[in-house]
Amino acid sequence: MVTKSLGIIGGGQLGMMLAEAAKKMPDYISGVTVLDPTPKCPASIAGAKQIIADFKDKNSIVELSLQSDIITYEIESGDSKVLESLHGEVSINPSPTTLRIIQDKYLQKQFLRQNNIPVAEFDIIESLEDLEKKITKFQYPALLKARRDAYDGRGNFKIENHSQVETAYQQFTGRQTMIEKFVDFKMEVSVIAARNIHGEIATYPLVENIHKNNILEVTIAPARVDSKISLEADKIAKKTMDVLHGAGVFGIEMFVTKDDKVLINEIAPRVHNSGHHTLQSSETSQFEQHLRAILGLPLGSTRLKHTTVMCNILGPKDFVGKYKPITLEQKDGVYLKMYHKEEAKPQRKLGHFNVVDEQDTKDVDALLEKTRKIKNSIK
Ligand code: ATP
Ligand code: MG
Ligand code: MG
């Protein structure tokens, strides 16, 4: 069997868990190299070789491509133009064209709307005057979003009334923006979906996401919704994978509105934080699934074996520096995963734990209570 060397743009926790999954597939993957600017990045600690450079550094992307048979990403901020220029010399999945569409929230939403996939109303913003004019149609509150390089809600400004319009616009000076209708959602959910290079598609069951300060705090698998909603979300996710043509795992974030409609919020062209529960809850983890997809192997089963709650461990506020190792007694269905980051920063993702319903009680409230107690114990 011919093994392949894998290159990953980004070597954070997602790259680390991909590298760990790759290690378990020695028949297919000979080694992993990551491109990441932070020395001793999490993926390198998991045994990957590291090129220390910016995600957008052209020479380093080329160097990564020379060392790799397949290139993939764990973040969406690689330079899609450089990657597009390499396509053909090395296999890159998801394709740089898919990446380019997803990297720009406006192009992404346009693409979805053109394919009749439901999204909140949105429009491009070209100037302050344009925003002043368009916001009257969208009404308050509305979201002004930076089109590129946004995460953890830092590229979003919720405009509550007319007096905030100018402040919002100035917040994103020098960046292209778009406006979006505020969705008064009753729940945030997501589907982890995979498509392999031969076009086979598989989706994981719908999960429920609870955010705090725009950062994911807890994922509940499966989501506490009617089957009608989970079927609708699954249909939307499959259709998205069908039209997007990308290979790999994608995290599709959605809103469930108060009148039970499902809208896509955004797509991540990579493994996703809301899929970390799959490490213990599912027959195939999202990390193995991503590798299977880009290697062209048949996709693994996405069956959820156990109801599971995933909880992120974030850096405490008001603290920057080395943190004392977090330990947890890993018994009774509790599984801790730390990311080996050198330094804690407020809100930085340092690790997560899964609380797995191995006794099959299906008592989500009890799982959430157990999660809350564990979280408080590690503060
Ligand atoms: P991520 O870290 O997930 O990449 P991001 O910076 O790309 O985040 P979004 O996912 O667009 O930002 O938004 C962050 C959060 O803000 C969403 O999870 C949701 O809670 C809220 N949000 C975004 N868009 C809307 C909207 N149109 N209406 C209501 N809430 C929204
Ligand atoms: Mg995003
Ligand atoms: Mg998001």
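Numbers given to residues run from 1 along each chain, matching the order in which its sequence is written. Throughout, the order in which chains and ligands are written sets their labels, letters from A for the former and numbers from 1 for the latter. Note on the predicted model: pLDDT of at least 70 is required for a residue's local features to be given, and 80 or more for side-chain atom pairs to be given and counted; whole-chain, interface and lining totals, by contrast, use all residues.

### Overview of the packing of helix H1 (residues 13–23) against helix H11 (residues 286–295)
Whenever a helix is involved, its axis is fitted only over the stretch in contact; in every case the axis is a line through C-alpha atoms, and angles between N-to-C directions fall within 0 to 180 degrees. Under the DSSP-based scheme used, a helix requires at least four consecutive residues in state H or I and a strand at least two consecutive residues in state E, with every element numbered from the N terminus. At their nearest, the axes of H1 and H11 sit 8 Å apart, and the two run at 70° to each other. Looking at the two axes, H1 sits roughly perpendicular to H11. Both H1 and H11 take part in a crossing whose hand is right-handed. Residue-level contacts link Met17, Leu18, Ala21 and Ala22 of H1 to Phe287, Glu288, His290 and Leu291 of H11. Residues are grouped as follows: Ala, Val, Leu, Ile, Met, Phe, Trp, Tyr, Cys and Pro are nonpolar; Asp, Glu, Lys and Arg are charged; every other residue, Gly included, is polar. The residue inventory of the contact of H1 with H11, partitioned by class, reads six nonpolar, one polar and one charged. For this classification, under 35 degrees means roughly parallel, over 145 means roughly antiparallel, 65 to 115 means roughly perpendicular, and everything else is oblique. Take the far helix as the reference: if the near one is turned anticlockwise from it by less than a right angle, the crossing is left-handed, and if turned clockwise, right-handed. Here, residue contact means that the backbone-derived C-beta atoms of the two residues sit within 7 Å.

### Some remarks on the sheet that holds strand E3 (residues 49–51)
Here the rule is simple: two strands pair whenever DSSP picks up at least two bridges between them. Spatial strand order, E3-E2-E1-E4-E5: five strands in an open sheet with parallel pairing. Both edges of this open sheet fall to E3 and strand E5 (91–92), since each of them pairs with a single strand only. Inspection of the sheet shows strand E2 (residues 29–35) paired to E3 by three bridges, in the parallel sense. Paired with Thr33 across the strands is Lys49, a residue of E3. Those strands touched by H1 are strand E1 (4–9) and E2, and its axis lies near 170° from that of E2.

### Examining the UniProt feature "domain: ATP-grasp" (unreviewed entry) in the protein chain
As recorded in UniProt, the sites labelled "domain: ATP-grasp" (unreviewed entry) are residues 109–295. Secondary structure over residues 109–295 splits into 30% helix and 33% strand, and the C-alpha atoms at its two ends are 29 Å apart. UniProt positions are given in the numbering used here, feature names are shortened, and annotations may be inferred rather than shown by experiment.

### As for H1
Exposed residues have 12 or fewer other C-beta atoms within 10 Å of their own C-beta, buried residues have 20 or more, and partly exposed residues fall in between, where C-beta atoms are placed from the backbone. For H1, the tally of buried residues reaches nine of eleven residues, placing the bulk of the element in the interior. Inspection of H1 places Gln13, Leu14, Gly15, Met16, Met17, Leu18, Ala19, Ala21 and Ala22 among the buried residues, and these make up the whole buried set. Considering only its buried residues, H1 is in contact with E1, E2, helix H2 (42–45), H11 and strand E18 (349–356).

### Focus: the site of ligand 1
As a structural note, the neighbourhood of ligand 1 is formed by 18 residues, with Ala150, Tyr151, Gly153, Glu180 and Val183 the closest of them. Broken down by class, the residue content of the shell around ligand 1 amounts to six nonpolar, six polar and six charged. Where a domain begins and ends is set by an automatic assignment or by a domain database. Here the shell around ligand 1 spans two domains, and each of domain 2 (121–181) and domain 3 (185–377) adds at least three residues to it. Here is the check we use: build the C-beta atom from the backbone, and if it is within 6 Å of the molecule or strand, call the residue near.

### Details of the environment of Asp226
Its location among the elements puts Asp226 in the loop between strand E13 (215–221) and helix H9 (227–244). The sequence separation of Asp226 and Asp260 amounts to 34 residues, and the corresponding C-alpha distance is 9.5 Å.

### Some remarks on the domain arrangement of the protein chain
The assigned domain composition of the protein chain is domain 1 (4–92), domain 2 (121–181) and domain 3 (185–377). Taking only C-alpha atoms into account, the centre of domain 1 sits 22 Å from that of domain 3. Facing the 20 residues of domain 1 at the interface are 17 residues of domain 3. When contributions to the side of domain 1 that touches domain 3 are tallied by element, the ones reaching two or more residues are H1, H2 and strand E4 (70–73). Among the elements that line the side of domain 1 that touches domain 3, the one with the most residues is H1, at seven residues. A breakdown of the residues in the side of domain 1 that touches domain 3 according to their chemical character gives 14 nonpolar, two polar and four charged.

### A word on the environment of Ile197
Turning to its location among the elements, Ile197 is positioned in the loop between strand E10 (185–195) and strand E11 (201–203). In the structure, Ile197 is positioned 28 residues away from Tyr169 in sequence and 41 Å away in space, judged by C-alpha atoms. Not counting residues up to four positions away in its chain, the partners in contact with Ile197 are Asn93, Ala247, Ile294 and Gly296.

### Digging into the UniProt feature "binding site: ATP" (unreviewed entry) in the protein chain
Feature annotation in UniProt places "binding site: ATP" (unreviewed entry) on Lys105, Lys145, Glu180, Lys181, Phe182, Val183, Glu188, His211, Asn265 and Glu266, given in this structure's numbering. Assessed through the 17 C-beta atoms surrounding it within 10 Å, Lys181 is described here as partly exposed. Leave out the neighbours within four places in its chain, and Lys181 touches Ala120, Glu121, Phe138 and Ala142. Checked against the element boundaries, Glu188 lands in strand E10.

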